[in-house]
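Structure assessment
Letter by letter, the chains look like this.
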Amino acid sequence: MNVGLKTLILPAGEAAVAAAADCLAEGGLVAFPTETVYGLGADATNAGAIARLYQAKGRPSFNPLIAHVSDLRAGMRIACFDATAIALAEAFWPGPLTLVLPKTKNCAVADLATAGLDTAAIRVPAHPVARAILRALGGPVVAPSANLSGHVSPTTAAHVQTDLTGRIDLIVDGGAVEVGVESTIVGCFDQPMLLRPGGLPRGEIERVLGRTLPQPPDDADNYTSQPLAPGMLASHYAPRTRVRLNAERIEAGEALLAFGSATVPGTKRATAVMNLSAGGDLTEAAANLFGYLRALDAKGARTIAVMPVPHHGLGEAINDRLRRAAVGRE
Ligand code: TXA
Ligand code: MG
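About the criteria used
Residues numbered from 1 in each chain as written. Chains lettered and ligands numbered in written order. Predicted model: local features only at pLDDT ≥ 70, side-chain atom pairs only at ≥ 80, totals over all residues. Heavy atoms only, no water. Buried < 20%, exposed > 50% of the residue type's maximum accessible area, 1.4 Å probe, protein only. Helix = DSSP H or I, 4+ residues; strand = E, 2+ residues; numbered from the N terminus. Pairing = 2+ DSSP bridges. Axes fitted to C-alpha atoms, helices over the stretch in contact; angles between N-to-C directions. Core = buried A, V, L, I, M, F, W, Y, C linked by side-chain atoms within 4.5 Å. Contact = heavy atoms within 4.5 Å. Parallel < 35°, antiparallel > 145°, perpendicular 65-115°, else oblique. Left-handed = near helix turned anticlockwise from the far one by under 90°. Nonpolar A, V, L, I, M, F, W, Y, C, P; charged D, E, K, R; others polar. Phe/Tyr/Trp six-rings, centres within 6.5 Å; stacked < 30°, edge-to-face > 60°.

For the rest of this paragraph, the subject is the pairing of strand β9 (residues 184–188). Of all five residues that make up β9, five are buried, and the element is covered over most of its length. Of the two faces of β9, both are covered, the one formed by Thr184, Val186 and Cys188 as well as the one formed by Ile185 and Gly187. Examined bridge by bridge, strand β5 (residues 97–102) and β9 share four bridges and lie parallel to one another. Looking at the pairing, Leu99 lines up with Val186 of β9.

Here you go:
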């Protein structure tokens, strides 16, 4: 175990970017902000570093990682882009979209990161700090969300500290992230498929494709049908407190995660109330989601009751994460 490491925290800036690139090049583990959530980075070509990354997160090693690259050209060295993949990359990179594609023959990403699959997940992040680190290192960086496996993803450096202090080398603090939910994952197979709803709404992708984006049939349990045992990720985003969805009234001892301006009966009874977006704005709600789940989880309530959130736009990703937070705690 790499518990007992001294975890340095540096404010984002030139010195932090240089320290991050040096640390990654030496096989270290660096948490840094992306526009979606904080990522825990390791050199994608260094199997030893990736092994330590899985260990630091307590993550099952058959769950593959996303390789972050600085641009489409760098992505093309790792994976084979067909016309659809190029169209999506050109429309949405840099940004909150991950593409799963066949690996190239001399793909430098370590097999451990792709869990032995013949595909790789690739993303070009938009956050300036992530981009500066990728440029400084000059190679791909694998980065799962920088939380302990099973916890909600971190949207601030403080969340990363809570989960990973003593387990990683460096945290680059770039403030709160903008999007708040992880990237949307599209598998570019014979026909493109939505493997995970996320920070890029499905509708925008469908507009570029000119058709609807199907989901794999068993997505209720898995983000990705291939690499995972059924149910593996079902409670991936779970806080410790039980989560109750579509709450229409609040019972004694419950905390309330609200959405919009409506109130539900019993709100006065709630031990704590946080509103994802009082104005009903789904972008604001996505940005607040994981931080509010963490904050309510810390209140020691019997249950976190969640008001219904509409399903359009970013609502699809928000409802996906909420459903996963509720599974396994029933
Ligand atoms: O926004 C994000 O995507 C964040 C930031 C840090 O970039 N990263 C992130 O990584 O959410 P992670 O490891 O928490 O989620 C990666 C997902 C997993 O569900 C994994 O199964 C899937 O990507 N994945 C990775 N490689 C895959 C592959 N070759 N085929 C299918 N799914 C894959
Ligand atoms: Mg994650």
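After that view of the structure, there is still more to cover.
Let's shift gears to the sheet that holds strand β11 (residues 242–244). Strand pairing in a sheet relies on backbone hydrogen bonds. The paired strands run either parallel or antiparallel. Taking strand neighbours across the sheet as the criterion, the four strands line up as β11-β14-β12-β13 in an open arrangement whose pairing is parallel. Every interior strand has two partners, whereas the edge strands, β11 and β13 (273–275), have only one. Neighbour-to-neighbour, the strand axes of this sheet turn through a mean angle of 20°, independent of strand direction.

Let us look at the nonpolar core. Core analysis: the biggest nonpolar cluster contains 49 residues, and Phe81 and Leu99 have the highest contact counts within it. It is helix α2 (residues 47–57) that contributes the most residues to this core, five residues altogether. Once you skip the residues sitting within four places of it in the chain, Phe81 turns out to touch Leu72, Gly75, Met76, Ile86, Ala89, Trp93, Leu99, Leu101 and Ile122. In this structure, Val179, Ala272, Val309 and Leu322 belong to the second largest nonpolar core, which totals 27 residues.

To continue, consider the packing of helix α8 (residues 282–297) against helix α9 (residues 315–326). Running from N to C, α8 and α9 cross one another at 25°; their axes reach a closest spacing of 9 Å. As judged from the angle between their axes, α8 and α9 are roughly parallel. Along this stretch, α8 crosses α9, giving a crossing that reads as left-handed. Note on element contacts: α9 touches α8 through Gly315, Ile318, Arg321 and Leu322, opposite Leu282, Ala285, Ala286, Leu289 and Phe290. The residue makeup of the contact of α8 with α9, split by class, is seven nonpolar, one polar and one charged.

Strand order in the open sheet formed by 10 strands is β1-β8-β2-β3-β7-β4-β6-β5-β9-β10, with mixed pairing between adjacent strands. Two strands in the sheet have a free side with no partner beyond their single neighbour: β1 (8–11) and β10 (192–196). Along the sheet, helix α6 (residues 157–164) makes contact with β1, β2 (30–33), β3 (38–43) and β8 (170–173), crossing β8 at roughly 165°.

With that out of the way, let us pick up the packing of aromatic side chains. According to the stated counting rule, one finds one aromatic pair in the structure shown. Aromatic side chains Phe81 and Trp93 sit 5.9 Å apart centroid to centroid with 75° between the ring planes, which places their arrangement in the edge-to-face category. With Phe81 in the loop between α3 (72–78) and α4 (83–92) and Trp93 in the loop between α4 and β5, the pair connects residues that are 12 residues apart, well separated along the chain. Comparing Phe81 with Trp93 shows no difference in burial state: the two are buried.

Alternating residues of strand β14 (residues 303–306) divide into Thr303 and Ala305 and Ile304 and Val306, and every residue in both groups is buried. In this structure, β11 lies alongside β14, joined through three bridges in parallel fashion. Note on β14: the bridge partner recorded for Arg242 is Thr303. With four bridges joining them, strand β12 (residues 254–258) and β14 adopt parallel strand pairing. Directly across from Leu257, in β14, lies its bridge partner Val306.

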